[in-house]
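Observations on chain architecture
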Amino acid sequence: MALINRRNLLAAGSGVVALAAVSRTSFAQSQPQSKVTGEKEPFTLPALPYAPNALERVIDAETMSLHHGKHHAAYVKNLNEAAKLAPQISEHPIEHVLANLNMVPESVRAVVRNNMGGHANHSMFWQIMSGSGGIPQGDILGAITRDLGGLDKMKADFDAAGARLFGSGWVFVTVSAAGKLAIETTPNQDTPLMAGKRVLFGNDVWEHSYYLRYQNRRADYLRAWWDVVNWTKLSERYSQAKAGTLTI
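Residues numbered from 1 in each chain as written. Predicted model: local features only at pLDDT ≥ 70, side-chain atom pairs only at ≥ 80, totals over all residues. Heavy atoms only, no water.

**Brief notes about the confidence of the model for the protein**
Mean pLDDT over the protein works out to 87, with 84% of the residues at or above the 70 mark. In the model, residues 1-38 has pLDDT below 50 throughout and makes 85 contacts with residues more than four positions away in sequence or in other chains. (pLDDT = per-residue confidence, 0-100. Contact = heavy atoms within 4.5 Å.)

Structure follows, in structure tokens:
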């Protein structure tokens, strides 16, 4: 695992992907227009829903600031560059575009896959933290017990999956329309949304998520992360998934 320092983290978050010219072929007009819009650009960086130091007991403020303000911001910047060449990617919900990447012009497809995947993953990630750990209640706890063997087993299996993931990627709990849960991992900024699935929650195991505090101790980061999970938010997402309204 390569050594990362603050200079490397800053550099990693600031690169802009060069894009080739693409056609303006549109998606079939079967989905509503994207709600991810701004006054000047179609994709915007969501604000952190808490201060950068709010999760200090697990994730230090400097990491949060770099992760959100550099890494996530770079994905948004690259997406807006891609939208200049393929405006159709901003005309549909993010989850629809990611589930239909074969409809994105080939010359910009990898850019969209990487950066829209990163945008979706991180937009979810900020929202599901700021809690104080604890124990989930109600329907979501029942689903965890039924499908994943209980809270302790789910945490152990989730952490083991994240620790085994080679290189950079994510570990997720997905949720079906029937409310069934499963654990899976993806490389890089791929997301289960690309397979038409829905994400209940996920943890980022790219080194930039934890290296300043945990160095190469990814397993320690994974175990500590549960202390900032917002189970109230996850319960809301679980209800939305069963109602068919959960997006990213």
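**Observations regarding the packing of helix α6 (residues 151-164) against helix α8 (residues 218-225)**
For the pair α6 and α8, interaxial distance at closest approach is 9 Å and the crossing angle is 150 degrees. Between α6 and α8, the angle is such that the two are roughly antiparallel. Our pair here, α6 against α8, has a crossing hand that is right-handed. Note on element contacts: α8 touches α6 through R218, L222, R223 and W225, opposite F158, D159, G162 and A163. Broken down by class, the residue content of the contact of α6 with α8 amounts to 4 nonpolar, 1 polar and 3 charged. (Axes fitted to C-alpha atoms, helices over the stretch in contact; angles between N-to-C directions. Helix = DSSP H or I, 4+ residues; strand = E, 2+ residues; numbered from the N terminus. Parallel < 35°, antiparallel > 145°, perpendicular 65-115°, else oblique. Left-handed = near helix turned anticlockwise from the far one by under 90°. Nonpolar A, V, L, I, M, F, W, Y, C, P; charged D, E, K, R; others polar.)

**A short note on the nonpolar core**
M129, M154, L181, F201, W225 and W231 are the most contacted members of the largest nonpolar core, which has 45 residues in total. Broken down by element, this core gets its largest block of residues, 5 residues, from strand β1 (residues 169-175). Residue contacts for W225: discarding those within four places in its chain leaves V58, I59, F125, I128, M129, F158, F201, G202 and N203. (Core = buried A, V, L, I, M, F, W, Y, C linked by side-chain atoms within 4.5 Å. Buried < 20%, exposed > 50% of the residue type's maximum accessible area, 1.4 Å probe, protein only.)

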